Amino acid sequence: MWLLGRMYYTGSGMKSPNYELSFKWFKDCAQQGNPQGEYFLALSYEYGLGTPKNYKKAKIYYERAAAQNHNDAIYYLGLMYAFGREGFPQDLEEAALTFKKAADRHHGPSMYYLGVMFLYGQGVAVDYENALTWFDRSVAEEDPRTHEQALKAKKELWSAMQNAKAFNDNTY
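Residues numbered from 1 in each chain as written. Predicted model: local features only at pLDDT ≥ 70, side-chain atom pairs only at ≥ 80, totals over all residues. Heavy atoms only, no water.

Asks: What exactly am I supposed to notice about the overall build of the chain here?
Replies: The secondary structure content of the chain amounts to nine helices and zero strands. Written out in order from the N terminus, the α and β elements of the chain read α-α-α-α-α-α-α-α-α. With the C-alpha coordinates aligned to their principal axes, the bounding extent of the chain is approximately 65 × 35 × 25 Å. In the chain, which comprises 172 residues, the share counted as buried stands at 43%. For the chain, long-range pairs separated by at least 24 residues make up 43% of all intrachain contacts whose partners lie at least 6 apart in sequence. With an accessible surface of roughly 9,600 Å², the chain has 51% of that area assigned to carbon and sulfur atoms. For the chain, the distance from the average site of its 19 positive side-chain charges to the average site of its 20 negative ones is 7 Å. (Helix = DSSP H or I, 4+ residues; strand = E, 2+ residues; numbered from the N terminus. Buried < 20%, exposed > 50% of the residue type's maximum accessible area, 1.4 Å probe, protein only. Contact = heavy atoms within 4.5 Å. Areas by Shrake-Rupley, 256 points an atom, 1.4 Å probe, with all protein chains shown as cover. Lys, Arg positive; Asp, Glu negative; His and termini not counted. Charge placed at Lys NZ, Arg CZ, Asp CG, Glu CD.)

Structure, rendered in structure tokens:
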């Protein structure tokens, strides 16, 4: 069922997407406890695709799919915590914990965002070594959604760390 919903969602084989029909199929699928249906239903609610935006319902369905170890649902839930939404306050500590759950399951985008959080001390203490590790792991996953950003961040952070080390070695 979720595949049919996704077909309408992407417009595959059609002139254009039909979000109203995709929403219907995702909702039917989610009501049966299918994590893919729950995830796509959450996306529909978050972005108002085929239904009015409803962040509270989006969070509920992301959580349901995340409870079934759906990595993208865990990631999008982390994004909701990281950026906040109307009626849904920002919580950087919860965002870091949420990204860590998917990162531990080899989810490249979650690894990248966890690296960013360690780099800037968002919800966690600043830790350049940890940031570099998460950027490196994200690069290794080769996820096209974040591969280039992770590679750039890894190179820039490594270079800055080497420059700081060289400066410190020459200062003392």
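Next comes the rest of the description.
Asks: Looking at this structure, I do not really get the pattern of salt bridges. What am I missing?
Replies: Opposite charge on two side chains lets them pair, provided their charged atoms get close. By the definition in use, this model includes nine salt bridges. The salt bridge involving Arg-85 is made with Glu-46; its shortest N-O contact spans 2.7 Å. Residue Arg-85 is found in the loop between α5 (71–83) and α6 (92–103), and its partner Glu-46 is found in helix α3 (residues 35–47); the two are separated by 39 residues along the sequence. Accessibility expressed as a relative area gives 2% for Glu-46, which makes it buried. Here Asp-104 makes a salt bridge to Lys-100, at a shortest N to O gap of 2.8 Å. Using a relative accessible area of 39% as the deciding quantity, one classes Asp-104 as partly exposed. A single network of salt bridges, built from pairs that share partners, joins Asp-72, Asp-143 and Arg-145. (Salt bridge = Lys/Arg side-chain N within 4 Å of Asp/Glu carboxyl O.)

Asks: Would you explain unusual backbone geometry in this entry?
Replies: When glycine is set aside, most residues are seen to have a negative phi, and most peptide bonds are trans. A positive phi is found at Asn-69, a non-glycine position, where the angle reads about 60 degrees. Structurally, Asn-69 is set in the loop between α4 (55–66) and α5. Here the phi dihedral of His-106 falls at roughly 65 degrees; this positive angle occurs in a residue that is not glycine.

Asks: What exactly am I supposed to notice about the packing of α5 against α6 here?
Replies: Angle between the axes and distance between the axes: these two values describe a pair of packed helices. The N-to-C vectors of α5 and α6 enclose an angle of 165 degrees; their axes lie 8 Å apart at closest approach. Between α5 and α6, the angle falls in the class roughly antiparallel. When you trace α5 past α6, the crossing you get is left-handed. Facing Asn-71, Ile-74, Tyr-75, Leu-77, Gly-78, Leu-79, Tyr-81 and Ala-82 of α5, the residues of α6 in contact are Leu-92, Glu-94, Ala-95, Thr-98, Phe-99, Lys-101 and Ala-102. (Axes fitted to C-alpha atoms, helices over the stretch in contact; angles between N-to-C directions. Parallel < 35°, antiparallel > 145°, perpendicular 65-115°, else oblique. Left-handed = near helix turned anticlockwise from the far one by under 90°.)

Asks: Whenever I open this one, helix α7 (residues 108–120) confuses me. Can you help?
Replies: Owing to its 3.6 residues per turn, the α-helix aligns residues three or four sequence positions apart on the same side. Here α7 is 13 residues long and its end C-alpha atoms lie 19 Å apart, about the 18 Å a rise of 1.5 Å per residue gives. By the criterion of burial, α7 is predominantly enclosed, with eleven of the 13 residues buried. Among all positions in α7, only Gly-108, Pro-109, Ser-110, Met-111, Tyr-112, Leu-114, Gly-115, Val-116, Met-117, Phe-118 and Leu-119 are buried. Remark: Gly-121 follows α7 within two positions and exhibits a positive phi of approximately 70 degrees. (Expected span 1.5 Å × (residues − 1).)

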